[in-house]
Amino acid sequence: MIWQTARHAIDLAAPRVMGIVNTTPDSFSDGGRHAGAKAALAHCEALLREGADILDIGGESSRPGSDAVMLAEELARVMPVLQEAVKFGVPVSVDTTKPEVMRAALEVGCDIVNDINALRAPGALEVVAAHPACGVCLMHMRGEPKSMQADPHYGDVVAEVADFLRERMQALLARGVGPARIALDPGIGFGKTPAHNFELLARQRELLALGAPLLAGWSRKSSLGTLTGRPVEGRLVASVASALAAVQLGARIVRVHDVAETVDALKVWRAAGLCA
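Residues numbered from 1 in each chain as written. Predicted model: local features only at pLDDT ≥ 70, side-chain atom pairs only at ≥ 80, totals over all residues. Heavy atoms only, no water.

### Observations regarding the overall build of the chain
Helix and strand content of the chain: nine helices and 10 strands. Compactness check: the chain gives a C-alpha radius of gyration of 17 Å against a globular reference of 19 Å for 276 residues, within 12% of the reference. A principal-axis box enclosing the C-alpha atoms of the chain has dimensions of 40 × 40 × 40 Å. Put simply, 69% of the contacts in the chain that link residues at least 6 apart link residues at least 24 apart. Accessible surface, the chain as shown: approximately 11000 Å² in total, 56% of it carbon and sulfur. Charge centroids of the chain, computed over 28 positive and 31 negative side chains, lie 2 Å from each other. (Helix = DSSP H or I, 4+ residues; strand = E, 2+ residues; numbered from the N terminus. Rg over C-alpha atoms; globule rule 2.2 N^0.38 Å. Contact = heavy atoms within 4.5 Å. Areas by Shrake-Rupley, 256 points an atom, 1.4 Å probe, with all protein chains shown as cover. Lys, Arg positive; Asp, Glu negative; His and termini not counted. Charge placed at Lys NZ, Arg CZ, Asp CG, Glu CD.)

### Re the sheet that holds strand β3 (residues 16-22)
Note: strands within a sheet are paired through backbone hydrogen bonds, in either parallel or antiparallel orientation. Here eight strands make up an open sheet; going across it, the order is β8-β7-β6-β5-β4-β3-β10-β9 and the pairing parallel. The strands lining the two open edges of the sheet, one partner per strand, are β8 (182-185) and β9 (215-216). In the sheet, β9 pairs with strand β10 (residues 253-256) via two bridges, with the strands oriented parallel. If you follow Ala 216 over to β10, its bridge partner there is Val 254. Sheet strands in contact with helix α1 (residues 37-50) are β3 and β4 (54-58), and its direction is about 160 degrees off that of β3. (Pairing = 2+ DSSP bridges. Axes fitted to C-alpha atoms, helices over the stretch in contact; angles between N-to-C directions.)

### What about the environment of Cys 44?
Positionally, Cys 44 belongs in helix α1. Under the relative-accessibility criterion, Cys 44 is labelled buried at 0%. Apart from residues lying up to four places away in sequence, Cys 44 is in contact with Val 21, Leu 55, Ile 57, Val 81 and Phe 88. (Buried < 20%, exposed > 50% of the residue type's maximum accessible area, 1.4 Å probe, protein only.)

### Things to note about unusual backbone geometry
Even without glycine at this site, Ala 118 takes up a positive phi of about 55 degrees. Examined against the element boundaries, Ala 118 turns out to sit in the loop between β6 (112-115) and α4 (124-130). Residue Ala 118 is classed as buried on the basis of its relative accessible area of 0%. For Arg 220, which is not a glycine, the phi torsion comes out positive at approximately 60 degrees. Here Arg 220 is to be found in the loop between β9 and α7 (222-228).

### Looking at the packing of aromatic side chains
By the definition in use, this model includes one aromatic pair. Their ring planes at 40 degrees and their centres at 5.0 Å tell us that Phe 198 and Trp 218 sit as a pair that is tilted. With Phe 198 in helix α6 (residues 194-202) and Trp 218 in the loop between β9 and α7, the pair connects residues that are 20 residues apart, well separated along the chain. Using a relative accessible area of 25% as the deciding quantity, one classes Phe 198 as partly exposed. (Phe/Tyr/Trp six-rings, centres within 6.5 Å; stacked < 30°, edge-to-face > 60°.)

### Details of the pattern of salt bridges
Counted under the stated rule, the structure contains 16 salt bridges. With its nearest N and O atoms 2.9 Å apart, the salt bridge here joins Glu 73 to Arg 77. Of this pair, Glu 73 and Arg 77 both sit in helix α2 (residues 71-85), four residues apart, roughly one helical turn. Judged by relative accessible area, Glu 73 falls into the partly exposed class, the value being 37%. Of the residues examined, Arg 77 reaches a relative accessible area of 17% and is grouped as buried. Put simply, Lys 87 and Glu 84 hold a salt bridge, and the shortest N to O gap is 3.2 Å. Its relative accessible area of 60% is what places Lys 87 among the exposed residues. (Salt bridge = Lys/Arg side-chain N within 4 Å of Asp/Glu carboxyl O.)

As structure tokens, this is what we get:
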């Protein structure tokens with residue numbers, strides 16, 4: 001399986017590690033530590049040394065309860081980082097819901113649009129469809145970050161997530177975007193209770209029927225804290241375990257904060273014949 005992106009055809013025969021680079025002052029796990037272009041680029045380089053296959057750079061926090069960021073502020077946060085990160089020779093993803101940010105990122109050579117809103121903002125589908133080759137990750141989210149965790153309900157969370165992702169993928173295909181460019185994310189922690197999240201993990205193989213590679217983002221999430229009783233800074237082991245479980249159940253990309261530890265764990269998993 002290949003994930004086709006703007007400059008790179010990413011071979012997913014082996015699972016790939018996407019390193020998280022937050023340029024925000026208020027991310028739930030590392031807010032402020034990588035704010036500013038210099039700090040963010042240093043973090044990019046550190047993640048690559050640790051073995052990251054993809055860099056995912058974002059300038060707007062999507063933690064539960066967070067407020068939206070103005071367009072000018074998001075551009076100021078991410079564009080200086082993206083302009084340099086695309087020179088590192090690896091696939092670079094922009095984590096944004098705004099079509100204006102998507103367009104600017106693609107213009108400087110960004111490879112992937114990673115959208116928690118699955119290109120539902122007016123004009124977002126058109127930005128991706130107008131690009132000849134960029135990759136895109138469509139994520140399921142019920143509601144919006146400000147209120148998504150208020151009281152999420154589902155009849156069958158896996159079926160409803162699958163239906164949503166299928167519809168969003170069909171919307172892209174209808175605009176001429178090739179299927180090899182599309183990855184899907186079930187949206188762990190986005191408008192879901194811990195029980196919903198763990199049901200999505202346990203039944204993750206059902207989402208493979210959608211026919212696109214799955215991206216899993218469990219890293220340091222509050223559901224892991226609920227399960228283990230650990231604060232965000234104590235969720236390393238749970239984060240690595242969830243990444244391994246996601247890969248074992250069919251995910252081809254894991255989006256993580258702790259790259260070195262996840263890379264090492266995947267090496268052991270592969271040596272044991274537990275994943276490709």
